[in-house]
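# Structural description and commentary
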Amino acid sequence: MGLSPFFTVHSELPREGPGEPDDVLWALDVAGTPDDCCLCDAACGPGADTLTLAQARPDAMIDAMDLQAHFVDAAKARTAHFGDRINVEQRDYANLPGQYDLIWCAGAAYFVGYLNALEMWTKHLRPGGAIAFSEPVLVSEPISQPVLDFWGSHEALNVPKTLESLNVAGWDVLGHRVIVGAPWAAYYDPMRARIAALRAGGADAALRGAIEEAEEEITQWEACSDEIAYGLFVVRPT
């Protein structure tokens, strides 16, 4: 069975969400993750951040996982030269296979609610371990209509509210930063090129619909690119 139109648009991209290697490096530093460590990339997509984790911690053992088989295949190919210290498999991140010094989850914790994700991952942390996750946040008030249009039904929260909810739930926030601008372009620019290639190769009605949805998302982001943001949070149980 071939890919759905949505995943056809989203295949062969370097990453499956906003971000840059510096985000990963920052999180490792803030968490104080040791050189000889066990890491998890939960919802790894095509493995962009798995690659950065492996490069940043050359003695680490890494488990990476995603529900989508074609992302797993891409991540395996991308990290094959690291040998058996990286294990990439098709797996639900609700069922992590090990114990970790850092669990990294870029832009996917919100599928189950970030507090729910943190709770289910707690038992998979080594003593002193931490979790780094990114979550939609609002960076300006009042909220503009383009921002509301972009996020749709997802309720993006501002950073102070997120910090408060983390503290109430029993999490020590080691650090946080806002992902805005260039890290989003690092996601959308390759998608523009992918869309152009698909159009040049011909597309049926279903694929054209998926292409148009992706183009609309990019257009919405461009209308307020300095207001569309993820918050990246590094937390540890108190």
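Here goes a summary of the coordinates provided. Along each chain, the written sequence defines residue order, and numbers are assigned to residues from 1. Totals for whole chains, interfaces and linings use all residues, but because this is a predicted model, local features are given only for residues with pLDDT of at least 70 and pairs of side-chain atoms are given and counted only at 80 or more. Where side-chain values are given, they derive from all heavy atoms of the structure, hydrogens and water being excluded.

### Digging into the overall build of the protein
Numbered from the N terminus, helices here are DSSP runs of H or I no shorter than four residues, and strands are runs of E no shorter than two. Looking only at helices and strands, the protein features 9 helices and 8 strands. Computed over C-alpha atoms, the radius of gyration of the protein comes to 18 Å, within 12% of the 18 Å expected from 2.2 N^0.38 for 238 residues, which places it in the range of a compact globule. Projected onto the principal axes, the alpha-carbon positions of the protein cover approximately 50 × 45 × 25 Å. Remark: exposure states derive from per-residue accessible area (1.4 Å probe, protein chains only) relative to the maximum for the residue type, with buried under 20%, exposed over 50%, and partly exposed in between. By the burial criterion, 50% of the 238 residues in the protein qualify as buried. Contacts in the protein between residues at least 24 apart in sequence constitute 76% of all its contacts with a sequence separation of at least 6. Radius of gyration: C-alpha atoms only; globule rule: 2.2 Å multiplied by the number of residues to the exponent 0.38. Contact definition: two residues touch when any of their heavy atoms are within 4.5 Å.

### A short note on the packing of aromatic side chains
Classification of ring pairs uses Phe, Tyr and Trp, with its six-membered ring standing for Trp, and accepts pairs whose centres are within 6.5 Å; under 30 degrees between planes counts as stacked, over 60 as edge-to-face, and the remaining range as tilted. Applying the stated criterion across every chain, the model contains 14 aromatic pairs. The interplanar angle of 40° and the centroid separation of 5.2 Å between the aromatic rings of tyrosine 188 and tryptophan 221 together place this pair among those described as tilted. Here tyrosine 188 is found in helix H8 (residues 182-200), whereas its partner tryptophan 221 is found in helix H9 (residues 205-223), with 33 residues between them in sequence. The exposure class of tryptophan 221 is buried, given its relative accessible area of 7%. Each residue in the set Phe150, Trp151, Trp184, Tyr187, Tyr188, Trp221 and Tyr230 is aromatic and connected to the rest through ring pairs, giving one cluster.

### Here we look at the side chain of aspartate 101
Residue position: aspartate 101 is located in strand S4 (residues 100-105). On the accessibility criterion, aspartate 101 (13% relative accessible area) is buried. Side chain to side chain, aspartate 101 and arginine 126 meet in a polar contact 3.1 Å long. If we skip the residues at most four places from it in the chain, aspartate 101 touches Thr33, Pro34, Cys37, Cys38, Arg126, Gly129 and Ala130. The term polar contact refers here to a pair of N or O atoms within 3.5 Å; inside protein, the definition further demands a hydrogen-donor-capable atom paired with an acceptor-capable atom, and it admits residues adjacent in sequence only when both atoms are side-chain atoms.

### Remarks on the nonpolar core
Only buried Ala, Val, Leu, Ile, Met, Phe, Trp, Tyr and Cys residues count toward a nonpolar core, and they belong to the same one when joined by side-chain atoms within 4.5 Å. Among the nonpolar cores identified, the biggest contains 49 residues, and Val9, Leu39, Trp151, Trp184, Tyr188, Met191 and Ile228 are the most heavily contacted of them. Within the second largest apolar cluster, 28 residues are counted, among which are Ala108, Leu118, Trp121 and Ile131.

### Some words on H9
Along its 19 residues, H9 runs 27 Å from first to last C-alpha, staying within 8% of the 27 Å computed at 1.5 Å per residue. By the burial criterion, the buried members of H9 are Leu207, Ala210, Ile211, Ala214, Ile218 and Trp221. For H9, the angular spread of buried residues about the axis comes to 100°, placing them on one side. Of the residues in H9, the exposed ones pointing more than 90 degrees away from the buried face are Ala205, Glu213 and Ala223. In this structure, the buried side of H9 is in contact with helix H1 (5-9), helix H6 (145-151), H8 and strand S8 (228-237). For H9, the N-terminal cap is aspartate 204; the gap from its side-chain oxygen to the backbone nitrogen of alanine 206 is 3.3 Å. Here the expected length of a helix is defined as 1.5 Å per residue gap, with one fewer gap than residues. As used here, the arc belongs to the directions running from the helix axis to the C-beta atoms.

### Considerations on the pairing of strand S1 (residues 38-42)
Remember that side chains alternate between the two faces of the sheet whenever the strand is regular. Here S1 lies mainly inside the structure; 5 of its 5 residues are buried. By the alternation rule, side chains of S1 split into Cys38, Cys40 and Ala42 and Leu39 and Asp41, which are all buried. By this definition, two strands are paired if DSSP reports at least two bridges between them. Bridge count between S1 and strand S2 (residues 61-66): 5 bridges; the pairing is parallel. Directly across from cysteine 40, in S2, lies its bridge partner aspartate 63. Considered for its hand, the β-α-β crossover made up of S1, helix H3 (residues 48-56) and S2 is right-handed. Here is how to tell: hold the view so the strands point away, follow the path from the first strand over the helix to the second, and if it runs clockwise the crossover is right-handed.

### Comments concerning the packing of H8 against H9
Packing of H8 against H9 leaves a shortest axis separation of 11 Å and a crossing angle of 150°. With respect to their mutual orientation, H8 and H9 come out roughly antiparallel. Remark: the crossing between H8 and H9 carries left-handed chirality. Two secondary-structure elements touch here, H8 through Trp184, Ala185, Tyr187, Tyr188, Met191, Arg192, Ile195, Leu198 and Arg199 and H9 through Leu207, Ile211, Glu212, Ala214, Glu215, Glu217, Ile218, Trp221 and Glu222. In this classification, Asp, Glu, Lys and Arg are treated as charged, Ala, Val, Leu, Ile, Met, Phe, Trp, Tyr, Cys and Pro as nonpolar, and every other residue, Gly included, as polar. Class assignment for the residues of the contact of H8 with H9 results in 12 nonpolar, no polar and 6 charged. Here an angle of 0 to 180 degrees is reported between the N-to-C directions of two axes, which are lines fitted to C-alpha atoms, with helices fitted over the stretch in contact. Any angle that is under 35 degrees is reported as roughly parallel, and any over 145 degrees as roughly antiparallel; angles of 65 to 115 degrees are reported as roughly perpendicular and all others as oblique. A crossing counts as left-handed when the near helix is turned anticlockwise from the far one by less than a right angle, and as right-handed when that turn is clockwise.

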